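One-letter residues, chain by chain:
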Amino acid sequence: MGVPYAEVIGDPVAHSKSPLIHKFWLAKLGLDYDYVSTRVTPAELPGFVDMRRRDPLWCGCSVTIPHKQSVIGALDEMDPAASEIGAVNCITREGRAAARLIGRNTDWEGFVEPLRPWLERNYAFRSADVIGAGGAASAVCYALDRADVNVYIYGRTREKAKRLALRLQPENDPPGADLAMLSRPAERVPAPDPERLGLLVNATPLGMAGFEPLPINLDLFPPTTLVYDLVYVPAETPLLRAARERGMPRIDGFAMLVGQAAVAFERFYAEPAPREYDSELRDLLVR
C-alpha cells in the first residue's frame, strides 16, 4: 500500500531543498513517512490537487513557484496569514477520504525566526527596506508589520512596489519605489545609529545561481544595517559577500528555508522538527 508521504510541487522543482530537509528530519526521528518532489505544470495543477485530495496516504505539500497564488482556487480554506499575504506555500488536509484542503503560509514564520534576537532589543525606531513585490516579499512585509517594523518596498517599478504596499496597508497611502533607487551613487555612508534597527531584505531571486546579481549600492546604508537575503543558492550571494566586506551583520536564506520547513513538517507529520540538528543539516545543505 505504501507509506504516508508529503511532497513539494512546482515548475521547475528539481532545485528544491525541501526533500533533503524533510527526509533528514524524518530519519532523525525514525518516522515511517516519505517526502518527494513532483513537477506540476500550471495546466496540470487543478487536476493534480483534486487527485491528491483523494489519496489517503497524502499528508500535504509544500508549494513553490509558480503555484503559490494560482493554487488558491483549488483549496477549501485559507488560514488568516495566507489570506492576508495572498500566497500559499503549504497545503494541509483535514480528513482522509474527500479531505478538506487548507492553504497556509509558513514563509512569514520562517522569515521572522532568525530575526528574533534583534526584534527583542529595545530600539527607538525599526525600519526595513524590502526589495521585491511578489509572494515572498508579501510574506516578509506581513511578518515585519506584525513585529512593528516600518516597511518601505522597492520593486522593479514603483507601480509594482506601491501595488503590494496598498494591498497590505489599504487604509494608508504607503509609498513604494523603483529598485533603481538603490543602485545610485552614495554621497556619503550614513553614520551608525544605535537607537535604530535597520533591515535590508532581498525577497527577489536576484543573486541566485543563474540570475543577475541584485543591483544595489550598500554604501547607501549605515554599516549597522542587518542584511537579510532570502536566496540560499549560493550560500553567500553577491549581496551577502558585499555586506561581509563592509562588516555588516547578515542572515542568509538557509535560515528562512529551514524555519518555514520546520513549521510545515509539524503540520504534515504531527511531530516537531528536531531542530537540535540544525548545524548538521546546514552542513548537508551547503555541500
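In this text the structure is predicted, and so the values were computed from the model without any measurement.

**Side note on unusual backbone geometry**
And then number 1: Put simply, isoleucine 65 and proline 66 share a cis peptide bond, and its omega is 5°.
And then number 2: In this fold, proline 66 is placed in the loop between strand S3 (58–63) and strand S4 (77–78).
And then number 3: Here the bond from valine 233 into proline 234 is cis, since omega is 5°, no more than 30 degrees from zero.
And then number 4: As for its position among the elements, proline 234 is in the loop between strand S11 (226–229) and helix H8 (238–245).
And then number 5: Positive phi, normally seen in glycine, also occurs at aspartate 148, with a value near 60°.
And then number 6: Assignment of secondary structure puts aspartate 148 in the loop between helix H6 (135–146) and strand S8 (150–155).
And then number 7: Exposure remark for aspartate 148: the relative accessible area of 62% places this residue in the exposed category.

**Digging into the pattern of salt bridges**
And then number 1: Taken as a whole and judged by the stated rule, the model has 13 salt bridges.
And then number 2: The salt bridge involving lysine 23 is made with aspartate 34; its shortest N-O contact spans 2.6 Å. In this pair, lysine 23 sits in helix H1 (residues 18–29) while aspartate 34 sits in strand S2 (residues 34–39), placing the two residues eleven residues apart along the sequence.
And then number 3: Exposure remark for aspartate 34: the relative accessible area of 25% places this residue in the partly exposed category.

**Focus on the packing of aromatic side chains**
And then number 1: Tallied over the entire structure, the rule returns ten aromatic pairs.
And then number 2: Seen in terms of ring centroids, phenylalanine 111 and tyrosine 228 are 4.7 Å apart; in terms of plane orientation they differ by 15°. Their pairing is stacked. Here phenylalanine 111, found in helix H4 (residues 107–112), pairs with tyrosine 228, found in strand S11; they are 117 residues apart in sequence, far enough to count as distant.
And then number 3: Residue class for phenylalanine 111 comes out buried when judged on its relative accessible area of 0%.

Calculation rules
- Residues numbered from 1 in each chain as written.
- Predicted model: local features only at pLDDT ≥ 70, side-chain atom pairs only at ≥ 80, totals over all residues.
- Heavy atoms only, no water.
- Helix = DSSP H or I, 4+ residues; strand = E, 2+ residues; numbered from the N terminus.
- Buried < 20%, exposed > 50% of the residue type's maximum accessible area, 1.4 Å probe, protein only.
- Salt bridge = Lys/Arg side-chain N within 4 Å of Asp/Glu carboxyl O.
- Phe/Tyr/Trp six-rings, centres within 6.5 Å; stacked < 30°, edge-to-face > 60°.

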